[in-house]
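Now for the letters of each chain:
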Amino acid sequence: MKVLRWLPWVALAVLPLVLHSNFILTIFIFSFILGMAAVSFNLVFGFTGQLSMFHAAAFGIGAYVTYLAVSRWHVSFWIALLPTIAITVAISIVVGVICFKFKLKAFYFAVVTMAFSELARLIVLNWNSVTNGTLGLMVLDKPVVWIPGAGSLKIDGTTAWYYFSFIGLMMTVAVCAIVLRSWIGRCFAAIRLNEDLAQTLGIDIFRYKLLSFMIANILAALAGSVYAFYIGYIEPSYLSIAQSLDIIAMVLLGGRSSIIGPIVGAFVLTGLPHVIELSAELRVILYGLILILTILLMPNGIVGTLVSRRRAT
Amino acid sequence: MMQLLIGQVLNGIIVGTLYGVIALGVTLTFGITGIVNFALGEFMMIGAYFTWYLVDFGGLPFAVALLPAVAGTAACGFLTDQLLFRFTRNNLVNGLLVSIGLISVVEAGALLLWSATPKEMSYVLTGSLQLGGISLPRMKLLVFGLLAAVILCTYAALSRTWMGRAAYAFAQNPEAAMLMGVKTARLQTGVVVYSTALAGFGGSLYASLYTLEPAMGGLYILKGVEAAILGGIGSPLGSLVGGLILGVTEAVGSIYLPSAFRDAYGLIFVVAILLYRPSGLFGADK
Amino acid sequence: MTRMLVWICAIAFAVTPSFAQDVVKIGQIEAQTGPNAIYGYMSSQGMPIAVDQINKAGGFKVGDKTYKLELISPDTRGDPKEASIQLKKMLETDGVKFVFGPFLSNVFVTVEPYAKQFNGKFLMMGGATRIHEFLDTPDHEFLMRTWNWDAGPKGFGNLMVDRLIKDTGAKKVAILIQNDQGGKVIADIYLPMFKAKGVETQLEFFEPGTKDFSAVLAKLAAGKPDILFPGYTDAALYDIVRQATEGNYFRRFFLVRGSLGPGLKNKDQIDDYFVYVPKYFEQAEKTDPKIAKFVADYKAFYKRDFPYDQAPLCSSSCYDHVFMLVEAMKKAGSVTDVTKIRKELLAMTYDGLWKISYDEHGEEIINFDVVHMTKGGKIAVTSIEAR
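Calculation criteria
- Numbering of residues begins from 1 in every chain and follows the order in which that chain's sequence is written.
- Ligands are numbered from 1 and chains lettered from A, in the order in which they are written.
- Selection of residues for local features in this predicted model requires a pLDDT of at least 70, selection of side-chain atom pairs for listing and counting requires 80 or more, and totals for whole chains, interfaces and linings are taken over all residues.
- Here a helix means four or more residues in a row that DSSP labels H or I, a strand means two or more in a row labelled E, and each is numbered from the N terminus.
- Residue burial here comes from a neighbour count, namely the number of other C-beta atoms, placed from the backbone, that lie within 10 Å of the residue's own C-beta, with 20 or more meaning buried, 12 or fewer meaning exposed, and in between meaning partly exposed.
- Here, residue contact means that the backbone-derived C-beta atoms of the two residues sit within 7 Å.
- Each residue gets one label: Ala, Val, Leu, Ile, Met, Phe, Trp, Tyr, Cys and Pro are nonpolar, Asp, Glu, Lys and Arg are charged, and the others, such as Gly, are polar.
- Two strands are counted as paired when DSSP detects at least two bridges linking them.
- Lines fitted to C-alpha atoms define the axes here, with helix axes fitted over just the stretch in contact, and angles between the N-to-C directions of these axes take values from 0 to 180 degrees.
- For classification purposes, angles smaller than 35 degrees are called roughly parallel, those larger than 145 roughly antiparallel, those between 65 and 115 roughly perpendicular, and all remaining angles oblique.
- In this scheme the crossing of two helices becomes right-handed for a clockwise turn of the near helix relative to the far one and left-handed for an anticlockwise turn of less than a right angle.
- Buried Ala, Val, Leu, Ile, Met, Phe, Trp, Tyr and Cys residues form a nonpolar core when they are connected through C-beta atoms within 7 Å.
- Note that the domain bounds reflect an automated or database-derived domain assignment.

A. Structural context of unusual backbone geometry. Residues and elements named next belong to chain C. The residue after Gly 101, namely Pro 102, is reached through a cis peptide bond having omega -5°. Mapped onto the elements, Pro 102 comes out in the loop between strand E4 (98-100) and helix H4 (105-116). For Arg 77, which is not glycine, the phi dihedral falls at a positive 55°. Positionally, Arg 77 belongs in the loop between strand E3 (65-72) and helix H3 (80-93). Given 22 C-beta atoms within 10 Å, Arg 77 falls into the buried group.

Written as structure tokens, this is what we have:
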């Protein structure tokens, strides 16, 4: 039975060798990268119980900072991730302290993070000298990976990007798994289940909420960096509320009680428009209906529902 | 300069009442059903399109068209309550997500029916009042009056009638209210329907001032939520005051600072107030 | 049994390609829904009508084969991510050689690196403003731009501005435009143009989606300019023009995008309203039988009212362009040799709803209307042949 658990990962790993359709592999690549964003969002949402609307902002900031570091300071993609992480940590601390120090409850936390997200977007939109504002930035550089035995490899072309993003996704999942299985993760769970009780038990909920928020944002920033270098173009709409809502939808659909649930959600929502041939408006209606029906009928998402069915039998 | 400032403060107040009526819907829904109905912006859109349709195609005069438009919107509200929101009571996250799904469905539906081409309803009241050097469009003044009246009446009804006090009681302590004989399920449905009617009314008045597009609701629900928080969730007066402050801050900010950041001024103000007084200006201290 | 199945499959596969040979697939990537639907809507409406008419007439003949058209038109929703997936499917899975669109600059800039890999294998004909900067650069022979360019000596912008100065003697212009790609590009084109002609400018950006412009109109009016240059879609223009006149901020307007609609709605409050319209359909319908036929065809095809406001955007990757492509294929004697077909497109002048030709860079030149409305709704239309 344990073998079955690894089967999907193995299948994904060998897919490009079997399937030669660039079009389908591209959908997978986008699903992987957005899956990174969704899995990291679930860290603060599903596991710590905080509805953060700042995730897309972290995603977008990561994209911009990494590319700007590469183009302005002429460093490699990997070195450029360092300032990205540093800036994301700094911003997370600022926003997090404002939200958590003042003990803002669930709804207010969502609104304040939304406010900061919009502020970030407006700054990016209007800071023309740095971000080129609404015209966006074209990313022509590609990350370079050093493989022992094969030398350095430029990540260019569908197959290379497939494996690059797949590894990125696995790393995100691994980080989340490590965090969640540690005592840090148990503090997150305690906060999610009953914040006041957790506090009486001696857990510093301010510190752990901040930590959860920060780790999620860092992973989102990394996902954003990969996305930017793949799609080749960055614009302020990366930081929009609509982008945050898309990620939330993926988590909900896939299931917020598991680490990999959001990945399923990412696949469904990214691939669905291309699988179903419907008129444009009908497709949007379908998207909305899926969201509604998921909440009403499958509140634990696809993975959650499957898991509880299996447990029941 | 003074003229410019006064003129914009007045305009900000008028625009603010439109935010305020949506904020009222948000605050009532949250207080009584425990969720934030993000789809209120879509009900505003429905009300606006119904009104436009009745006036431009049904030939009804605006004042007459208001009633069926608002009633129609309330009927849609009733439907969504029975089909959707009934199952998400007090579940903030679920309610939020169902609203988002509803937004997609309603907006796409409007696109199908009326397309993205902006619609402009025939003007209802033209001409402006001249005060000093300031021009105030008559229709805007009328809209202000009507919205302010509705919000104040709602406040009065909540604090003085039996039904209103039952609603307050319910918001404070649902079990006690139930034990006292308040029909809670009906109350909750009633509040949802009323808030969609408010949004629809706001939409109808919106139609007399601005162009209609299927995506128009998005901006207003965001402002409505901001205003509701600013004024204090649970307080009808707070939603009006919150809306006014938001409207004025945006207008004044746009004059002295780049107008590209207009939305930011309101946001910063809201965050600042929240930090100083987390329950909002008129909110109850928990 | 299995062997028979294998033979049947083999024959089926052998037979199918020959059916595909009699069909020419054309693709279209535009935003049909979403906040930027205004830019893709008309093109996605006009193209099916053209394809339907050509097919109903029995297709078209190139060499000794008759071909029909198949239109593949997914909705990008204005999302670059969607567009890149859709374009990949079009070029790799469906084998499309002629792609119309995109009109949105952010979509174009995202798909450009990928499209470049197919240089020489297909044609991309879109209206996006940013296509302009890529025309005539190496490896971009696949690219053509299906819209007028404002700047440059043949540009209608120059013409409009000269006209404005001549007719009104304006010395200061207030510009109020969307804070997005289209708005930025317009600001970049017109600010230097005005400056070069000795006209002072004051520029303010607004967030797309803004409905109440009182504050920013008041701010601009305080600078006492002669005329307001608002942009650039009807969605914003109706509100801007109405509020500008109601609030007594401006009574004179100059537009390089958008329609006459906002002017007409407020005609008694406006002194001057200049607008560049690719075509003033309401009038053209009465004088040009081709336009009248198109309007009638649209109504019959969609069983809907004709979108007069949107129709001017049919000057880009829309109805005429399909017929033009078919003619180019006929002249080139091939449906697959894109280099030859492009050459024919550049050499021809097509007289349809518009008179369309391309300059040596691959950018469209069309005749257009300049409409000048004065108080009370008096309209003077000047049709200009851009050559």
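Here the narrative resumes, following the displayed structure.
B. Main features of the interface of chain B and chain A. Listed as interface residues are 29 residues of chain B and, on the opposing side, 28 residues of chain A. Listed by contribution, the elements that provide at least two residues to the side of chain B that touches chain A are helix H4 (92-114), helix H9 (217-231) and helix H11 (262-276) of chain B. The leading source of residues in the side of chain B that touches chain A is H4 of chain B, at 14 residues. Looking at the side of chain B that touches chain A, its residues break down into 24 nonpolar, four polar and one charged.

C. Broad picture of the sheet that holds strand E12 (residues 349-351) of chain C. Residues and elements named next belong to chain C. Strand order in the open sheet formed by three strands is E12-E13-E14, with antiparallel pairing between adjacent strands. Only two strands of the sheet have a single partner each, and these edge strands are E12 and strand E14 (364-366). Taking each pair of neighbouring strands and ignoring which way they run, the sheet shows an average axis angle of 20°. Lying over the sheet, helix H12 (residues 319-332) contacts E12 and strand E13 (355-358), oriented at roughly 130° with respect to E12.

D. Quick look at the sheet that holds E4 of chain C. All names here are of chain C. Spatial strand order, E2-E3-E1-E4-E5-E6: six strands in an open sheet with mixed pairing. The open sheet has two edge strands, strand E2 (60-62) and strand E6 (143-145), and neither has a second partner. Strand-to-strand twist across the sheet, computed as the mean angle between neighbouring axes with direction ignored, equals 30°. Strand direction decides the pairing type here: E4 and strand E5 (residues 123-126), joined by three bridges, are parallel. Counterpart to Val 99 in the pairing with E5 is Met 124. Strands E2, E4 and E5 of the sheet are contacted by H12, whose axis makes an angle of about 30° with E2.

E. Highlighting the packing of helix H1 (residues 2-33) of chain B against helix H7 (residues 214-221) of chain C. Contact pair H1 of chain B / H7 of chain C: the axes reach a minimum separation of 10 Å and the direction vectors enclose 165°. The orientation of H1 of chain B relative to H7 of chain C falls into the category roughly antiparallel. The crossing of H1 of chain B and H7 of chain C is right-handed. Across from Leu 4, Gly 7, Gln 8 and Asn 11 of chain B in H1 of chain B, the residues of H7 of chain C making contact are Ser 214, Ala 215 and Ala 218 of chain C. The class makeup of the residues in the contact of H1 of chain B with H7 of chain C is three nonpolar, four polar and no charged.

F. Main features of the nonpolar core. Counting 319 residues, the largest nonpolar core has Ile 33, Ala 38, Phe 41 and Ala 223 of chain A together with Ile 22 of chain B as its most contacted members. Residue contributions to this core peak at 17 residues, all from helix H10 (residues 205-231) of chain A. Filtering out sequence-adjacent residues up to four positions away, Ala 223 of chain A remains in contact with Ile 33, Met 36, Ala 37, Ser 40 and Phe 59 of chain A.

G. Main features of the domain arrangement of chain C. Residue and element names in this part refer to chain C. Segmentation of chain C into domains returns domain 1 (2-147 + 316-353) and domain 2 (156-281 + 369-384). When each unit is reduced to the centre of its C-alpha atoms, the spacing between domain 1 and domain 2 is 35 Å. Each partner contributes residues to the interface: domain 1 has four residues there, and domain 2 has five residues. Classifying every residue of the side of domain 1 that touches domain 2 by side-chain character gives one nonpolar, three polar and no charged.

H. Spotlight on the interface of chain B and chain C. Contacts between the two partners involve 25 residues from chain B and, on the opposite side, 30 residues from chain C. Those elements giving two or more residues to the side of chain B that touches chain C turn out to be H1, strand E2 (134-137), helix H10 (236-256) and H11 of chain B. Broken down by element, the residue count for the side of chain B that touches chain C peaks at five residues, all from H1 of chain B. Considering only residue class, the side of chain B that touches chain C consists of 12 nonpolar, nine polar and four charged.

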